[in-house]
Amino acid sequence: MGWFRKTAPAELLPVTMAAVKLGDRFLAVGVRDPALIAALAVKTGLTGTACAMDADEARVKQAAQAIERDGALAEVVRAPFGMLPYGDGSFDVAVISDLLPTLTADVRSRCVAETLRVLRPGGRALVIESARRGGFGALVNRQAIDPTYGGPVKALKDEGFAAVRILAETHGITYAEGIKRAPLLTGHT
């Protein structure tokens, strides 16, 4: 019996930050992290829905197999990032992991706008990506980044998300979230 509680591994932080719960309708935009998608899909349980999409057919196939191997149920489909194949208000939570910096400005804009469209009012998007590095770290970073990318906060704000903020920046990873505004009720009493 130990005296001190063990700290949760860093791999669990993205699952905690996403705050997906039983019964939620969850969407992963991009499938670059199948283990994270599987962990979040399990959180939705049998009463929820887990979906994932990516524009790359080979990546979709590999992710679907990996998610299934991890024992999770998720519908994984191929679709352009600017045309998500879901109806308005279909999801409670959307997670965009390691994707936005790699997209061109126009595709990124459409992707974030489409993510906003498929969220229910009050739904939230979580963007998880490597923290921007300066100096020598920027030189050795091999990930292709669009030089016009202004970061996750700017991307979410530009497309109409509300209450946009950085939740955390730790272990070289940034977690940013935005909320889809609920329509204002106007009534006369």
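Residues numbered from 1 in each chain as written. Predicted model: local features only at pLDDT ≥ 70, side-chain atom pairs only at ≥ 80, totals over all residues. Heavy atoms only, no water.

Take the overall build of the protein chain next. The helix and strand tally for the protein chain stands at 6 helices and 7 strands. When its helices and strands are written in sequence order, the protein chain yields α-β-α-β-α-β-β-α-β-α-α-β-β. The buried share of the protein chain, reckoned over its 189 residues, is 42%. Of the contacts made within the protein chain by residues no fewer than 6 positions apart, 70% connect residues no fewer than 24 positions apart. Split by element, the accessible area of the protein chain, about 10800 Å² in all, is 57% carbon and sulfur. (Helix = DSSP H or I, 4+ residues; strand = E, 2+ residues; numbered from the N terminus. Buried < 20%, exposed > 50% of the residue type's maximum accessible area, 1.4 Å probe, protein only. Contact = heavy atoms within 4.5 Å. Areas by Shrake-Rupley, 256 points an atom, 1.4 Å probe, with all protein chains shown as cover.)

Next up on the list: the pattern of salt bridges. Per the stated rule, a full pass over the model turns up 9 salt bridges. Among the salt bridges present, the one from Glu 177 reaches Arg 124, with a minimum N-O distance of 2.8 Å. Of this pair, Glu 177 sits in strand S7 (residues 173-179) while Arg 124 sits in strand S5 (residues 119-130), and the two are 53 residues apart along the sequence. Judged by relative accessible area, Arg 124 falls into the buried class, the value being 13%. You can call Glu 177 buried: its relative accessible area is 7%. Taken together, the salt bridges that share partners define one network made up of Arg 25, Asp 92 and Arg 120. (Salt bridge = Lys/Arg side-chain N within 4 Å of Asp/Glu carboxyl O.)

What follows covers the side chain of Glu 177. Here the side chain of Glu 177 touches Arg 124 through a polar contact of 2.8 Å, side chain to side chain. Among the polar contacts listed, one links the side chain of Glu 177 to the side chain of Arg 165, at a separation of 2.8 Å. Not counting the four nearest positions on each side in its chain, Glu 177 is found in contact with Arg 124, Ala 125, Leu 126, Leu 156, Ala 163, Val 164, Arg 165 and Leu 167. (Polar contact = N/O pair within 3.5 Å; in protein donor to acceptor, adjacent residues only side chain to side chain.)

Another aspect to go through is the packing of aromatic side chains. For the coordinates displayed, the defined rule picks out 1 aromatic pair. Ring geometry for Tyr 86 against Phe 91: centres 5.0 Å apart, planes inclined by 90°, an arrangement best described as edge-to-face. In this structure, Tyr 86 and Phe 91 share a single accessibility class: buried. (Phe/Tyr/Trp six-rings, centres within 6.5 Å; stacked < 30°, edge-to-face > 60°.)

The geometry of helix H2 (residues 34-44) relative to helix H3 (residues 57-69) is characterised by a closest axis approach of 9 Å and an angle of 50° between their N-to-C directions. The pairing of H2 with H3 is recorded here as oblique in orientation. Once H2 is placed against H3, the crossing between them reads as right-handed. In this structure, H2 uses Pro 34, Ile 37 and Ala 38 to contact H3, whose residues at the interface are Ala 63, Ala 66 and Ile 67. In terms of residue class, the contact of H2 with H3 is built from 6 nonpolar, no polar and no charged. (Axes fitted to C-alpha atoms, helices over the stretch in contact; angles between N-to-C directions. Parallel < 35°, antiparallel > 145°, perpendicular 65-115°, else oblique. Left-handed = near helix turned anticlockwise from the far one by under 90°. Nonpolar A, V, L, I, M, F, W, Y, C, P; charged D, E, K, R; others polar.)

What follows covers the pairing of S7. Among the 7 residues that make up S7, 5 are buried, leaving the element largely enclosed by the rest of the structure. Sheet topology note: the S5/S7 ladder contains 7 bridges and is antiparallel. In the sheet register, Val 127 faces S7, and the bridge partner there is Ala 176. With 6 bridges connecting them, strand S6 (residues 162-170) and S7 associate as antiparallel partners. Residue pairing for S7: Ala 162 is matched across the bridge by Ile 179. Counting the residues that bridge the hairpin from S6 to S7 gives 2 residues, and of these His 171 lies at a positive phi of roughly 50°. (Pairing = 2+ DSSP bridges.)

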